[in-house]
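# A structural walkthrough
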Amino acid sequence: MDIKAILIDLDGTITDTERIYQRQWVEAARSLGYNDFTTKDALELRSAWYPYAVRLMQIKFGDDFDFDKLKETCANRTLNELKEKGTPLKPYAREFLEELRKRDKRVVLVSATRPEIIKGRLSAVGLTEYFDEVISAHGTKRGKPYPEPYLYACDVIGVKPEETIAIEDSPNGVDSAAAAGCNTIMVPDLTPAEPALMAKLFAYANNLKEVLDYI
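Residues numbered from 1 in each chain as written. Predicted model: local features only at pLDDT ≥ 70, side-chain atom pairs only at ≥ 80, totals over all residues. Heavy atoms only, no water.

Spatial ordering of the open sheet is given by β3-β2-β1-β4-β5-β6, a layout of six strands whose pairing is parallel. Because the sheet does not close on itself, it has two edges, and the strands there are β3 (133-136) and β6 (203-204). Examined bridge by bridge, strand β1 (residues 5-8) and strand β4 (residues 164-168) share four bridges and lie parallel to one another. Along β4, the bridge assignment pairs Ala 5 with Thr 164. Packed on one face of the sheet, helix α6 (residues 115-125) meets β2 (106-111) and β3 and runs near 140° to β3. Taken strand by strand, helix α8 (residues 171-180) contacts β4 and β5 (183-186), and its axis lies near 165° from that of β5. (Pairing = 2+ DSSP bridges. Helix = DSSP H or I, 4+ residues; strand = E, 2+ residues; numbered from the N terminus. Contact = heavy atoms within 4.5 Å. Axes fitted to C-alpha atoms, helices over the stretch in contact; angles between N-to-C directions.)

What follows is the structure, encoded as structure tokens:
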């Protein structure tokens, strides 16, 4: 395979922040009186495009569910925790990016997070210089689990999806990358891949170090 670029997610793949978000989703929901909101509900929101997430929650909790308030509360709580305790990295994240640089691979971050948050998060962990491009799904018509973020990333750097490897940790991210036609590797974070998701994968790795075997 002639792989010309590596496309990689941020939260749960490079930074070990998804577990913080998931806890804060639940705590934020409880603080707003949504006591039926569970960890399973939080997991379904990983990397999810805003309208997709809104509809998902309204189907579960009713049309009057105030997703905007929940999202704002969760975001504020998460950012405060990261400022207080620092931003943790996933195992081998820095070593992985350093090895890609040695191999002269183009590396593009493809995240569901807002651009200003991505910038701050990368700066906080000292990883900004490792990425040739940073793509936020907020700049596309539809975000994950739809293919637009990865298609846009490919357009930006001038490669075909089949010439890339995409690395994701969550079902919504995998669906997005696979639908775009990228060779998708899942490095699971909070949940393993179900059989239907495994069928969409180019490979499955336990950590980023193992991903290097496919590059």
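Resuming the write-up.
Along the chain, Thr 191 turns up in the loop between β5 and α9 (195-198). Looking at Thr 191, its side chain comes within polar contact range of the side chain of Arg 46, at 3.0 Å. (Polar contact = N/O pair within 3.5 Å; in protein donor to acceptor, adjacent residues only side chain to side chain.)

Further remarks concern the environment of Cys 154. Mapped onto the elements of the fold, Cys 154 is located in helix α7 (residues 148-157). Once the C-alpha coordinates of Cys 154 and Ala 179 are considered, the two residues, 25 residues apart in sequence, prove to be 13 Å apart. Those residues in contact with Cys 154 that lie beyond four places of it in its chain are Leu 7, Val 159, Lys 160, Pro 161 and Thr 164.

All chains considered together, the criterion is met by eight aromatic pairs. Considering the side-chain rings of Tyr 52 and Tyr 146, the 6.2 Å spacing of their centres and the 90° angle between planes classify their relative orientation as edge-to-face. Remark: Tyr 146 occurs in the loop between β3 and α7 and Tyr 52 occurs in helix α3 (residues 50-61); sequence separation between them is 94 residues. On the accessibility criterion, Tyr 146 (26% relative accessible area) is partly exposed. Taken together, the aromatic side chains of Tyr 34, Phe 37, Phe 61 and Phe 65 make up a single cluster linked through ring pairs. (Phe/Tyr/Trp six-rings, centres within 6.5 Å; stacked < 30°, edge-to-face > 60°. Buried < 20%, exposed > 50% of the residue type's maximum accessible area, 1.4 Å probe, protein only.)

This part takes up the packing of α7 against α8. At their nearest, the axes of α7 and α8 sit 7 Å apart, and the two run at 50° to each other. Taken together, the axes of α7 and α8 lie oblique to each other. Viewed along their axes, α7 and α8 form a crossing whose handedness is right-handed. Contacts between α7 and α8 involve Pro 149, Tyr 150 and Leu 151 from the former and Gly 173, Ser 176, Ala 177 and Ala 180 from the latter. Of the residues belonging to the contact of α7 with α8, the class tally is five nonpolar, two polar and no charged. (Parallel < 35°, antiparallel > 145°, perpendicular 65-115°, else oblique. Left-handed = near helix turned anticlockwise from the far one by under 90°. Nonpolar A, V, L, I, M, F, W, Y, C, P; charged D, E, K, R; others polar.)

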